[in-house]
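Structural overview for review
Each chain, letter by letter, is given below.
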Amino acid sequence: KESPPKLEEALSLIKNSASSSKAKQSKGKSLLISDYVQSSIQYLAFLSDYELIFNTALGMYDFDLAKAVARHSQMDPKVYLPMLKRLRELPISLACFDVDVKLKRFESALRHLVASNSYNETDEEIANHKSKCMAFIEEHSLHKLGLELFQEDADFYRAIMVSLGERMLGERKSEEALTIFLLADPKCLEGGKRAARECGDWKTYFACCAEDNETLSTDQVTNLAEIISSKFGNMKDQSDAFASAARILQDYCQDVGYAVDMLISGHLWSEGRRVAHLRNRPDLVKKCVDASVTYAQTCIDDLVDRASTFEKTIARYAEVIELRRNAIKEAEEAGAEIHDDSASMFSMASTVSNTSMSSSASGRSMGSVGSVGTVASVSTVISVGATSTFSFTGDVDNMKHKSKFNKIGRDKKKKQKKPRNSRRRKPGGEEELAELVATLTHSCPDEYYVAVISSTLTFLLQSGKRSMAEQLLDSYTSIEAVVLKLQTERLD
């Protein structure tokens, strides 16, 4: 007895044995209903159930053998006899197709359905057959096999490609859909445009419009630019989106003013200035400078808030650590068994905090770099900071520090507050410790924020705004000094 049982081999063996001398002893009977064959089937049913044996015989497309199996089963003759009769009357390919569908062997079913095309003669019959094939391909996601089976039919091959692209688009796999639409021969430009918009590939979108001889109005282009610029994500993703929107407005609308506004929103001061000079717009140059000054002040306020938050949090963190040490010590002295995970949480939190602060302050001293009097000195300071200064950010955007300069958390509907648990948070407990570690982590600028501060400092100095640049640098170095000082105290 095999597991799973090799029923097909067993049925083939029984059928081949039907012409043996033992089977021939049953005179006047069909070989498959002879006593020998029936007893063999009964013995096979002892090892497996009749329904499985019947389906196996049916899957061999041997309808006589299936009838012989059904004879000794509890299947209703009113059900299986008409079914077998109908299958016998069908052309072999269509009969095999029906069997495959019943047994959910869909790839084999499609092969038999395609083979049944030989029975079609008129153009209408051929068209109906292709429609049935396409419906079956789409229902069971058999596009890959369909493309293999219809390689010689260029028109239907393209139709399957387009269908596959639509499926990818429906599954929100817009980049894959875009490639498939444009791989079709000829290209499916309408589908390509929809997929390009869905995945934000505006360059390919405008290329598809050009190939399709579609002329977009200024309002349509502006609307597309605004959609792109409203992209949610981290600070870098938003900056890239604003840069793309600005390029679209310049190239397809010649709207320099709006393009510069987009660049300003993405904190791309130098690019905004370049575009303004290119179009001989001194008013827009001034607008870029003024915006950078305003942003610098926002950063100063934000960095001060971050430093203050860090100081307060690290003070409470030290208190919680001391509380937990004492609690663990008292429990050990009393011989009590600690059932929660407090000790491991304490170890983990302490390790995370020390490691984060250590990596944030390792190997550098901003005070020793030099004065803020030159662009080079400021660039050196910030470029070093951009790679190794702060490493306290997580990958989840909604956990990042929220402030005036970024859009995280904006324009989103407030979720309804869930009813609070009646159990109050235990001071110094595991939950509070985890929250403190998260606050310490997210109170410090991420790598891209530091890069933006760097470019803002450089732009301010180049624009003659030395005083504001000095204030921004002082705020930046202040939060680092706080981290360095408190981290050193923690290690001591």
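The rules behind these values
Residues numbered from 1 in each chain as written. Predicted model: local features only at pLDDT ≥ 70, side-chain atom pairs only at ≥ 80, totals over all residues. Heavy atoms only, no water. Helix = DSSP H or I, 4+ residues; strand = E, 2+ residues; numbered from the N terminus. Buried < 20%, exposed > 50% of the residue type's maximum accessible area, 1.4 Å probe, protein only. Contact = heavy atoms within 4.5 Å. Areas by Shrake-Rupley, 256 points an atom, 1.4 Å probe, with all protein chains shown as cover. Phe/Tyr/Trp six-rings, centres within 6.5 Å; stacked < 30°, edge-to-face > 60°. Lys NZ or Arg CZ within 6 Å of the ring centre and 35° of its normal. Polar contact = N/O pair within 3.5 Å; in protein donor to acceptor, adjacent residues only side chain to side chain. Expected span 1.5 Å × (residues − 1). Axes fitted to C-alpha atoms, helices over the stretch in contact; angles between N-to-C directions. Parallel < 35°, antiparallel > 145°, perpendicular 65-115°, else oblique. Salt bridge = Lys/Arg side-chain N within 4 Å of Asp/Glu carboxyl O. Core = buried A, V, L, I, M, F, W, Y, C linked by side-chain atoms within 4.5 Å.

1. Looking at the overall build of the protein chain
For the protein chain, the count of helices and strands is 24 helices and zero strands. A total of 492 residues make up the protein chain; the buried ones form 42% of that total. Taking the intrachain contacts of the protein chain between residues at least 6 apart in sequence as the baseline, contacts between residues at least 24 apart amount to 61%. Summing over all exposed atoms, the protein chain offers an accessible surface of approximately 27,700 Å²; the carbon and sulfur share of this is 50%.

2. Section: the packing of aromatic side chains
We describe a pair of aromatic rings using the distance from one ring centre to the other and the angle between the two ring planes. Evaluation of the coordinates by the stated rule reveals seven aromatic pairs. Ring centres 5.5 Å apart and planes at 75° place the aromatic pair Y205 and F206 in the edge-to-face group. Judged by its relative accessible area of 6%, F206 is buried. Between F206 and Y252 the ring centres are 3.9 Å apart and the planes differ by 10°, which places this aromatic pair in the stacked class. Linking F206 in helix α14 (residues 202–211) with Y252 in helix α16 (residues 235–253), this pair joins segments that are 46 residues apart in sequence. When its relative accessible area of 39% is taken as the criterion, Y252 is described as partly exposed. Ring pairs connect the aromatic residues W202, Y205, F206 and Y252, which therefore count as one cluster. For R197, the ring lying beneath its charged end belongs to Y205, and the centroid distance is 5.5 Å.

3. Digging into the environment of I53
Assignment of secondary structure puts I53 in helix α4 (residues 50–59). We classify I53 as buried; its relative accessible area is 0%. Separated by 43 residues in the primary sequence, I53 and A10 place their C-alpha atoms 9.8 Å from one another.

4. With respect to unusual backbone geometry
Residue P186 follows D185 across a cis peptide bond; omega there is 0°. Examined against the element boundaries, P186 turns out to sit in the loop between α12 (174–183) and α13 (189–199). Unlike most non-glycine residues, S141 shows phi in positive territory, near 55°. With respect to the helices and strands, S141 occurs in the loop between α9 (123–140) and α10 (143–149). Looking at S141, the relative accessible area reads 38%, which means it is partly exposed. Its identity as a non-glycine residue notwithstanding, N213 has a phi of 55°, on the positive side. Positionally, N213 belongs in the loop between α14 and α15 (218–229).

5. Describing helix α5 (residues 63–71)
Those residues of α5 not exposed but buried are F63, L65, A66, A68, V69 and A70. Where α5 begins, the side chain of D62 points an oxygen toward the backbone nitrogen of D64, at a separation of 3.4 Å.

6. With respect to α15
The end-to-end C-alpha distance of α15, which contains 12 residues, comes to 16 Å, matching closely the 16 Å that a straight helix rising 1.5 Å per residue would cover. In the core, the buried residues of α15 are packed alongside α13, α14, α16 and α17 (256–265).

7. A short note on the packing of α15 against α16
Direction vectors running N to C along α15 and α16 enclose 170°, while the axes themselves pass 8 Å from each other. Here α15 lies roughly antiparallel to α16, going by the angle between them. Listed contacts from α16 to T218, V221, T222, A225, I228 and S229 of α15 are A241, F242, S244, A245, I248, L249, Y252 and C253.

8. Examining the pattern of salt bridges
In total, this model carries 24 salt bridges according to the counting rule given. Where D261 meets K287, a salt bridge forms, and the shortest distance between an N and an O atom there is 2.6 Å. Within this pair, whereas D261 is found in helix α17, its partner K287 is found in helix α19 (residues 282–333), the two being separated by 26 residues in sequence. Here K287 falls in the partly exposed class, since its relative accessible area comes to 37%. The shortest N-O distance in the salt bridge between E319 and R316 comes to 2.9 Å. Linking E319 with R316, this pair stays in helix α19, spanning three residues, or about one helical turn. Its relative accessible area of 44% is what places E319 among the partly exposed residues.

9. A closer look at the nonpolar core
Ranked by size, the top nonpolar core spans 92 residues in total, and within it F206, Y317 and L472 carry the most contacts. The greatest single-element share of this core, amounting to 16 residues, is contributed by α19. Every residue in contact with L472, bar those within four places of it in the chain, is listed here: A296, C299, I300, L303, I453, T456, L457 and L460.

By themselves these figures say nothing about function.
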